[in-house]
Each structure stands twice: as C-alpha cells, then as structure tokens.
Amino acid sequence: MTDDIAALRELEKKVLWLASWTIHNANHLRDNDDGLKVGGHQASSASLATIMTALYFAVLRPQDRVAVKPHASPIFHAIQYLLGKQTRERLEAFRGYKGAQSYPSRTKDVDDVDFSTGSVGLGVAQTLFSSLTQDYVRAHGWGLDRPEGRMVALVGDAELDEGNIFEAMLEGWKQGLRNCWWIIDYNRQSLDAVVREGLWERYEQLFKNFGWDVVVVKYGSLQQAAFNEPGGDALRQWIDNCPNPLYSALVFAGGAAWRKRLNDEIGDQGDVSRLIDRRCDDELATVMNNLGGHDLPSLLEVFHNADNDRPTCFICYTVKGFGLPMAGHKDNHAGLMTPAQMEAFRQTMAVRTGHEWDRFEGLSLPPERLQTFLDRVPFAAAGARLLQAPEIEVPAELRPAFQAVTSTQTGFGALLNEIGRADSEFARRIVTTSPDVTVSTNLGGFVNRRGLFARQAMADTFKSERIPSISNWEFSPKGQHIELGIAEMNLFILLSALGLSHSINGERLLPVGTLYDPFIARGLDALNYACYQDARFIVVATPSGITLAGEGGAHQSIAEPLIGMAQDGLASFEPAYVDELAVIMAWAFAYIQKSGGDVSERNWLRDETGGAVYLRLSTRPIEQISRAMTQELRQQIVDGAYWLRKPGPNCQVIVAYSGAIAPEAIAAVGLMAEDRRDVGLLAVTSADRLIAGWTAAQRARERGLVHARSHVERLFAHVPAHCGIVTVLDGHPATLAWLGAVGGNRVRPLGVEHFGQTGSLADLYRDYGIDANAIVAAAQAIAPGRPIRHLKAIP
Ligand SMILES: Cc1ncc(C[n+]2csc(CCOP(=O)(O)OP(=O)(O)O)c2C)c(N)n1
Ligand SMILES: [Mg+2]
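Treat the numbers as computed from the prediction; the structure is a model and nothing was measured.

Asks: Is there a simple way to explain the side chain of asparagine 164 in this structure?
Replies: Along the chain, asparagine 164 falls in helix α6 (residues 163-175). For asparagine 164, the residues in contact, after removing those within four places along its chain, are Val120, Gly121, Leu122, Ala125, Met489, Asn490 and Ile493.

Given below as structure tokens:
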C-alpha cells in the first residue's frame, strides 16, 4: 500500500517548494534580460499541488495516462524530478532554451509527458478520445497483454469554459465512454477573475446528464472534524453560503481576517465562538483553507473509492496559490513571489541556501524512508511511458482502376474501397472517422466493407427491414469506422488520439479522417494540437474551393492551402489526378509511421521523421491522363511538382497550377502555344513540400553545403530568368506566388481572395479570374510578346 500519509505530506511540501523554486529561479535568478513578460503560474501550480501529489505518488498506475492542466507544468516537472525522471539542469533552465517546458510537451520534454497541453480544453478532450481509442484497440484484439488504463485530465475550472470539452462529452456519451477521470481544480479563479457562484452545481448536473459519476470533494478532513464539534454546523453553513470572491479574499488576508469575519457573522452563537476561539489565527486559517482539494486523506479516499471503469468527474475545491503568500488573491494568475517572500517561504520550508534542489532538504522524515517510498511509487514502476510499435507494411503502390473522367474525391473513395477488400494487416490497421460526412466524402465504400465500430454490436435496421440503402451501417466491436457527430473539434482530437495509439497503447493504427475543406478552420486549434503532439493521421478534406460552385460561399474554402503550408507536422497535398492521389496515399500510409531519421539530401525534406498528412480534394470530375506511372514521376509527385509539359530552353511563360483547376491551366497553355515560345506547364501536387524543400536547401547552402539543391530548384534549373510564371489554384493566390523567388522570375499569382458564391464553374472561374482566359491574360501581361490571338477581352 502506498498511502504512507506521512511520506505523502512531506512530498506535497517538497513538490510545492520545487515548483515554486523552479519558477522563481527562471524569473528572478536566471539571466533573463529579454524584457519579456512571462507567466508566473506559481498560483495555478500551487492549486494542484496536493491533488497531483496524491495522484502521482499513490493513485496512478503505469497504464494510466494524464493530461496536466497546462499552467501546472512546474508541479508535473517537480514530481518527475523527485521520481528521477527529470533533471536538475532542465529545471534550472525552465522556460529557457532546451529547458523543461512551460507547458508539458510530449515531444520537447524528457520526463514522459503523456499528453501535451497548452491551449486549454484540448488536453481534457484528448483524454476522452484516448479512452475511446484504447477501447477500439482492445476490441480489435490488440494490446490485451497490457492492463487497461485510465485516462485522467487535471482540469482548471475556467478551462471548462471551452466548448470543445462539452462537444467531447456528448460524443463520449454516444460512444459509451469508460475509464476516464476529469479532476476539476475548483479554485473558483480564472486568469482575470473569480468565477461565477454555483458553477459546480451546473457542472454536476451536466456531467450526470452525460452519464458520468460526479464526486464533489469540498471539505478537507480538518474541516470535517471541525463540523463535528459543537457549532460545526453553523460553520459549515457559513462556508457553503460564502461567495467565491469573499472566500478568496479571506484566504488571501489570513487568520486574523477569518476570525473577524466569522465572529462578525456567526460568532455570537456560543458554540461557534468557542469553536473559533479554540484556534489561534494560524490554526483558524489552516482549517478554513483546508478544502478537499488540499487534503490528502480526503483525496486518497475518493480516488481509491472510485475503483471502477465509470467516467468520473471529481470537483475538488482548491485555493489558487495554496500555501503561498498570493493564495486566493484575484490577481495572482501571473503573480510571482518577490525575493523577500521567497526568502520567507524558504525559511518555512527549512531549505538552506545552496540546497534548494536537494530532494529531501528540509523534510523531517529520514531520506532513506522517503527514497524507499519513491522507489515503490506504482506510477513510475514500469519504465519508459512513451511506447513504440512496429511499422505496418504498406503496399508500395496503390493501383486505381482507370476512369476516363473522374474526381479526386471519387478516386479517394475507390482507392480506400479497394484497400478495404483485402484481408491484410494493412487494411486491418486502418481506422476511418468522419464528423457526419462519411457518405458525402466518399468513405461509404470502405465503411460498408469494414463496418462501424461500437463496443456493442448493433444491426442496421434499414438492412434488417430490407429497405434499400447505399449504406450498410452495422456496428460491431470489429468495425473500423468511428462515426462522429458534426463537431470538427472532435474529429481532430479523435485523430490526435488514434494517431498516438502507437505511443500510448503500443499498437499502431492508421487513421484516416474526412471532412469538408472549409471546416478545417472549425477544428483548426485541435488540428494544430494534434500536430504539436506528433499524432499521425491522414486528413482528407473534400470538397474544396469555389469549385464547389452551386454550394456557394459558405462551403467554399479559400485559406486552407495556406493552412496546409504553414501547419507544422502536416504534409499537405492538392493533387489534380487520381493516379497522383494513389501515389500520394501509398506514400502517406508509410510516412505517417516514420519516426526519427535524417533530412534527405535528395529533396531536403524530413521524410524519415514522418508526420501527419492533409489531402485537399475535389468533387470536380476532370479528364484523366492515361499514362504509365514511372518511378521518377512517382517521386516527383511526392516531392511536390512535375512538368506536365517541360519548358523549352527559350521558354517565355510557365503556368504552374495546383488541383482541380488543371483543365484550365492545360487549356491556357494550348491557347498561347502559338504566340509564346516553349511554354511550360508545372503540375504542383504539394506547394507545402515544394517550399519546405526549397527553404531547407537554402539553409543548408548558407551553412556551407554548397551542393544542396531542392526539388523545385532542379525543376527550374533551365528556366531562363526572363520567363514569366503564372500560378493558379482554387485557393489563396499566395500559395504559389513564391515560386518566382526560386529562380528570380516574374510571377502573376492567380487564385481566390474573396468569398465565393453560387454559380456554374464557368461563371465562377471567370468571375474570380482563374479560368483559361484569365491565365492567358496574366501570361500576356508578364511575358510580353505579340498579342495572344486566343485571348478574349476579359469582361
Ligand atoms: C485556448 C486558450 N485560451 C487562453 C489561454 C490563456 N490562459 C491560460 S490559463 C487561463 C485561465 C485558466 O483558469 P483555470 O483553468 O481556472 O486555471 P487556474 O489558473 O485557476 O489554475 C487562460 C485564460 C490558454 N492557455 N488557452
Ligand atoms: Mg481556476
């Protein structure tokens, strides 16, 4: 049994000391002369010190996974330091270069962070979807040699303002969530303010409505003992009725203020007066501050009692800044202890100068006993927490059946459907998901083959009633599609959870999620979060752009190609043809499994490091090119571009296009062929990878690797400087505008800058200036020569 309460009390003190010292050191002692204001987070950290002490040192098991409230990072690092998983050097460099991170980071910290946090609300939802992922993995018969874990979020109370948490809860209810704990640090303070009264009651109701157990941990054991004394009931009632801001203010003001206020309000009642008088100021403050979230015995009791797989919310009353001079003050969020306050704190903690980092300094139990306790902490018992999983073998090529006229979206559905036919490990490890657009993004074929996932089987009523339908929706534990409600936030956090399964569950999944391209923006912070954690998945966004024509401006995306380029950890593609898509998908399934490895000197991309993949597709049927897929072409498609028509040595104009606009680019080249020499046509399959390779190669050259050349530089090697480049895509023109900087060519970038509208393709392409005629007009403007005969006057 690890509930050695004496040892835990000592460690609670030590954790608070180390976290406070880490922050103090970073802000006051280290050379920090950048003039930047950084958050203190001393108060937010102190708020969770007791809860995290109880959890990490006594309650959690190796199989449990935790998302720590971002601004409690110093407490997490302090705990890991005591467990021997964090170094003093990194704590001393907290917030500094290569130091322990301000917010726990899976990829940057060394101390076994289970889930990164930072953008509040996302880590909380990640635990829920990780629990569903664990169920998915185990239902498929994988990872059964490992015990089932619990996914735990340490949640700030103001964090619950984030709507994505409630979106996740709704999804959790639908999917039969288990093994999930959300522990709310109910300090009734946010960054700016003290939160509204009675929020806990709304939360309680809400969680219960979604099928959760709710445990309110309000009073600590000292308070409970006081309530049992004569007059205790009145004290309890007073506490219950006390407004949040007043409680906080009195916590800050201390024992004398408590005494005055209590005496003024309930002190004339004989018994209560005696209850108060029996305690000196310090003792009175200790009782009043002894909320459940700062009371080890109460916490241990409730955590140990929740010994089941029910989703459980613990609402733990805490004091922001507990144990520190700033406790309870409403301005304490970024507050830092002054050097004088730190000095006083040091004395209370009995820490000698020069011994601030000593693990057991100032504690009264013998170091051997504490060390023995730490050596037995269950959470730390199983070694490294970031697991590995072998790569799943992926076919070197996917062969789509040739369709003379088709769209990339149709091709995507057909390719996945084909994969779904096979009885291979590759097919089995794929898991698809979509926020209510499974059918309209063409996942239907795959889903009909592989079924929908649910822990309990559920037949398709339409099928059993023999009513014809294009979808055969049978749910079973073997199903491979997770159907989500519409919330795109949930899609990306689920992809984040599925895409970390290799590391969390030691079992690799190959997640593919689909949504409409414009709604990437709805889930964007969650997508960023997933990438920040290095989750691995393929997101297929379709349809996209004004090519959606009749659907109008509300469904047409403009900025997404730029998002794809700018998002770290995400390789983005916008193919025009299905054979390109097949090449990209085969590559993507391997790429999402890579880890480590060096930058390739071939294309200067981090292909061996791996990442997530974004495919921007379209519903526009276009005439396909019947061609043999050569190794060289395959490589160029993956590297980001290839010459559909190679420019001659005297080339005057190049048209570079991306995606569904290909027919316009081809037509434009045809229209100007007679009047401009050696016109080139560049198919850009990935502006993202093209520019990434280019910038990396330049950096390499600047560092002395004179032979470094990127793919785009090789493509443009023989393009003369006088040649103009017209770029065009159904998206923001900046996506390809940079191409001219590669070889110093003049560029006219065409694309969409303003909200779309309904209309036919011809209407819209003409209006937004991305049709063949607009391309020809742009070419004439930047590559002077005789008038281009086929150029119509642009209306
Ligand atoms: C999405 C997002 N918005 C804003 C912030 C800035 N921020 C950090 S902590 C915080 C308040 C948190 O209050 P609470 O969750 O109650 O934690 P406490 O400080 O009380 O521990 C805010 C607004 C953030 N980190 N993420
Ligand atoms: Mg709070």
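Next, the rest of the story.
Asks: I tried to follow the sheet that holds strand β17 (residues 653-658) on my own but got confused; where do I start?
Replies: Across a sheet, paired strands are connected by hydrogen bonds in the backbone, their directions being either parallel or antiparallel. Pairing within the open sheet is mixed, and its 5 strands lie in the order β16-β18-β17-β19-β20. Of all strands in the sheet, those bounded by a partner on one side alone are β16 (641-645) and β20 (747-750). Averaged over neighbouring strand pairs, the angle between their axes works out to 20 degrees when direction is ignored. Two strands pair when backbone bridges link them, and strand β19 (residues 724-729) and β20 are joined in this way by 4 bridges, in the parallel orientation. Its bridge partner lying in β20, valine 726 is registered against arginine 748. Against the sheet, helix α27 (residues 662-672) contacts β16, β17, β18 (680-684) and β19, and its axis sits at roughly 170 degrees relative to β17. Helix-sheet contacts for helix α33 (residues 772-782) involve β17, β19 and β20, and the interaxial angle to β19 is about 155 degrees.

Asks: Honestly, α27 in this entry has me stumped. Any pointers?
Replies: Residues spaced three or four apart along an α-helix point in a common direction, a consequence of the helix completing one turn every 3.6 residues. Of the residues making up α27, those classed as buried are Ala662, Glu664, Ala665, Ala668, Val669 and Met672. Along the axis of α27, the buried positions cluster into a sector of 165 degrees, meaning they face one direction only.

Asks: Before we go on, may I ask you to explain the nonpolar core in this structure?
Replies: Across soluble globular proteins, nonpolar side chains have a tendency to be buried as a group. Residues Trp182, Trp238 and Phe537 are the most contacted members of the largest nonpolar core, which totals 87 residues. Among the nonpolar cores identified, the runner-up in size contains 72 residues, and Ile392, Leu415, Tyr577 and Val613 belong to it.

Asks: Quick question: what am I supposed to make of the site of ligand 1 here?
Replies: Surrounding ligand 1, one finds 18 residues, the nearest of these being Ser44, Lys69, Asp157, Gln189 and Lys320. The side chain of serine 44 places a nitrogen or oxygen atom 2.8 Å from an oxygen atom of ligand 1. At a separation of 2.5 Å, an oxygen atom of ligand 1 approaches a polar side-chain atom of lysine 69. Expressed as a share of its isolated accessible area of 580 Å², the protein-covered part of ligand 1 is 76%. Per-class residue counts for the shell around ligand 1 are 3 nonpolar, 9 polar and 6 charged.

Asks: Got a minute to help me understand the packing of aromatic side chains in this structure?
Replies: Centre-to-centre distance and the angle between the planes together describe a pair of aromatic rings. A full pass over the atoms with the stated rule returns 23 aromatic pairs. With centroids separated by 4.9 Å and ring planes inclined at 80 degrees, the aromatic side chains of tyrosine 186 and tyrosine 317 adopt a geometry described as edge-to-face. Here tyrosine 186 is found in strand β3 (residues 180-186), whereas its partner tyrosine 317 is found in strand β5 (residues 312-317), with 131 residues between them in sequence. Residue classification places tyrosine 186 among the buried residues on the basis of a relative accessible area of 1%. Here the aromatic rings of phenylalanine 207 and tryptophan 212 are separated by 5.1 Å at their centres, their planes lie at 75 degrees, and the arrangement is edge-to-face. Both residues of the pair, phenylalanine 207 and tryptophan 212, count as buried. When the ring centre of tyrosine 81 is taken as origin, the NZ or CZ atom of arginine 359, which lies over that ring, is 4.3 Å away. Sitting over the ring of tryptophan 142, arginine 429 keeps its end group 4.0 Å from the ring centre.

Asks: Got a minute to help me understand unusual backbone geometry in this structure?
Replies: It is generally the case that most residues other than glycine have a negative phi and that most peptide bonds are trans. Between threonine 542 and the following residue, proline 543, the backbone shows a cis peptide bond with an omega angle of -5 degrees. Look at aspartate 534: it is not a glycine, yet its phi comes out positive at around 70 degrees. You can call aspartate 534 partly exposed: its relative accessible area is 31%. Backbone geometry at tryptophan 604 places phi at a positive 60 degrees, although glycine is not the residue there. Checked against the element boundaries, tryptophan 604 lands in the loop between α25 (578-591) and β14 (612-616).

Asks: I would appreciate a short explanation of the coordination of the magnesium ion (ligand 2) in the present structure.
Replies: Taken together, Asp157 (OD), Asn187 (OD1) and Gln189 (O) make up the protein donors of the magnesium ion (ligand 2), found 1.9 to 2.2 Å from the metal. Binding-site remark: the magnesium ion (ligand 2) is held by donors from one chain whose sequence spacing is D-x29-N-x1-Q. Residue classification places glutamine 189 among the buried residues on the basis of a relative accessible area of 3%.

Asks: Sorry if this is basic, but what is going on with the pattern of salt bridges here?
Replies: Pairs can form between side chains of opposite charge whenever their charged atoms are close. Overall, the coordinates contain 51 salt bridges when judged by the stated rule. Salt-bridge contacts for lysine 330 lead to aspartate 331; the nearest nitrogen and oxygen are separated by 3.6 Å. A relative accessible area of 46% places lysine 330 in the partly exposed class. With a closest N to O distance of 2.4 Å, aspartate 639 and arginine 602 form a salt bridge.

Calculation criteria
- Residues numbered from 1 in each chain as written.
- Chains lettered and ligands numbered in written order.
- Predicted model: local features only at pLDDT ≥ 70, side-chain atom pairs only at ≥ 80, totals over all residues.
- Heavy atoms only, no water.
- Helix = DSSP H or I, 4+ residues; strand = E, 2+ residues; numbered from the N terminus.
- Contact = heavy atoms within 4.5 Å.
- Pairing = 2+ DSSP bridges.
- Axes fitted to C-alpha atoms, helices over the stretch in contact; angles between N-to-C directions.
- Buried < 20%, exposed > 50% of the residue type's maximum accessible area, 1.4 Å probe, protein only.
- Arc of directions from axis to C-beta.
- Core = buried A, V, L, I, M, F, W, Y, C linked by side-chain atoms within 4.5 Å.
- Near = heavy atom within 4 Å.
- Polar contact = N/O pair within 3.5 Å; in protein donor to acceptor, adjacent residues only side chain to side chain.
- Areas by Shrake-Rupley, 256 points an atom, 1.4 Å probe, with all protein chains shown as cover.
- Nonpolar A, V, L, I, M, F, W, Y, C, P; charged D, E, K, R; others polar.
- Phe/Tyr/Trp six-rings, centres within 6.5 Å; stacked < 30°, edge-to-face > 60°.
- Lys NZ or Arg CZ within 6 Å of the ring centre and 35° of its normal.
- Donors = N, O, S within 2.8 Å, 3.2 Å for Na, K, Ca; no water.
- Salt bridge = Lys/Arg side-chain N within 4 Å of Asp/Glu carboxyl O.

These results come straight from atomic positions and should not be treated as a statement about function.
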